[in-house]
Amino acid sequence: MPSASNRASSAPWNNPTTNTDPDAVTQAVVKTRVLDGILTGIAASAIAGFAWWGATTAINGATESFELWHLGSALVGLIIGYGVLLGARRGGLVSGLLALVLTAATVLVAVYFIERSQTIISLTDAGRTSDVPLWQGISGFTDTYWSWWDFDRTRPLMWLLGPLVAVLVAGWPGRRPPGR
């Protein structure tokens, strides 16, 4: 577009092209930010794992037994998937894999601490001392999961809901967080 004064611009840069069509909408190019996805995913993992453990322990302490605590993994997956999506700014393969790994690790750690807290509550209710160490070694860690697998295989399978939901939320190609 020529200048209104018919003079050339004295600026050292070229003037940007302007669009005269008011209905034209330009799309911003959004790149996946992996490091931001990792950071917000770790923060979401900490929040989701702590919330799942706290809610399950509080409910189990208030009632006789809370049988459906395993389904909380779906909420954990939703929180972590959204956290990764928010940080990465775009869904896709990288965001989905990141959400899968973070959610699987969070579910494993949270289940260990939920089981430990339920053991302490059960011992206290039985009138026994509840001096259960925080870490019982790798064999204690793996025994927790194998004992659940031997007891009822549907419950450990419910833990898979978390990673599945996280992958659906963060791994959908081209998905953008709401409001962005």
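Summary of the structure given here.

What counts, and at which threshold
Residues numbered from 1 in each chain as written. Predicted model: local features only at pLDDT ≥ 70, side-chain atom pairs only at ≥ 80, totals over all residues. Heavy atoms only, no water. Patch = residues over 30% accessible without salt bridge, like charges linked within 9 Å, V, L, I, M, F, W, Y side chains within 5 Å. Areas by Shrake-Rupley, 256 points an atom, 1.4 Å probe, with all protein chains shown as cover. Salt bridge = Lys/Arg side-chain N within 4 Å of Asp/Glu carboxyl O. Helix = DSSP H or I, 4+ residues; strand = E, 2+ residues; numbered from the N terminus. Polar contact = N/O pair within 3.5 Å; in protein donor to acceptor, adjacent residues only side chain to side chain. Contact = heavy atoms within 4.5 Å. Buried < 20%, exposed > 50% of the residue type's maximum accessible area, 1.4 Å probe, protein only. Core = buried A, V, L, I, M, F, W, Y, C linked by side-chain atoms within 4.5 Å. Axes fitted to C-alpha atoms, helices over the stretch in contact; angles between N-to-C directions. Parallel < 35°, antiparallel > 145°, perpendicular 65-115°, else oblique. Left-handed = near helix turned anticlockwise from the far one by under 90°. Nonpolar A, V, L, I, M, F, W, Y, C, P; charged D, E, K, R; others polar. Expected span 1.5 Å × (residues − 1).

A word on a nonpolar patch on the surface
Side chains of V34, L93, V94, L97, L100, V101 and V167 sit close together on the surface and give an oily, nonpolar patch of about 590 Å² of accessible area. The element that contributes the greatest number of residues to the nonpolar patch is helix α3 (residues 93-125), accounting for five residues. Looking at the element boundaries, V101 is found in helix α3.

Examining the side chain of S73
Turning to its location among the elements, S73 is positioned in helix α2 (residues 72-88). Polar contacts involving the side chain of S73 include one to the main-chain carbonyl oxygen of M158, which spans 2.8 Å. When residues no more than four places from it in sequence are discounted, the contact partners of S73 are W52, V107, M158, W159, L161 and G162.

A short note on the pattern of salt bridges
Counted under the stated rule, the structure contains three salt bridges. The partner of R155 in a salt bridge is D152, and the shortest N-O contact between them spans 3.2 Å. For D152, a relative accessible area of 24% translates into the label partly exposed.

Some details on the nonpolar core
Within the largest apolar cluster, 21 residues are counted, with the highest numbers of intra-cluster contacts made by W52, W69, I80, V84, V111 and W159. Elements with a contribution of two residues or more to this core: α1 (34-62), α2, α3, α4 (137-151) and α6 (161-170). Sorting elements by how many residues they give to this core places α3 first, with eight residues. If we ignore the near neighbours within four places in the chain, the residues touching W159 are W52, W69, H70, S73, V107, V111, Y145 and W148.

Concerning the packing of α1 against α2
At a minimum axis distance of 7 Å, the contact between α1 and α2 shows a crossing angle of 160°. The angle between α1 and α2 places the two elements in the roughly antiparallel class. Like other packed secondary-structure pairs, α1 and α2 cross with a definite hand, here right-handed. The residues of α2 that touch α1, namely those facing D36, G37, T40, G41, A44, S45, A48 and W52, are G72, S73, V76, I79, I80, G83, V84, G87 and A88. In the contact of α1 with α2, the residues fall into eight nonpolar, eight polar and one charged.

Here's the deal with α1
Here α1 spans 41 Å end to end across 29 residues, near enough to the 42 Å set by a 1.5 Å rise per residue. All of the buried residues along α1 are G37, G41, A44, S45, A48, G49, W52, T56, T57 and N60. In this structure, the buried residues of α1 make contact with α2 and α3.

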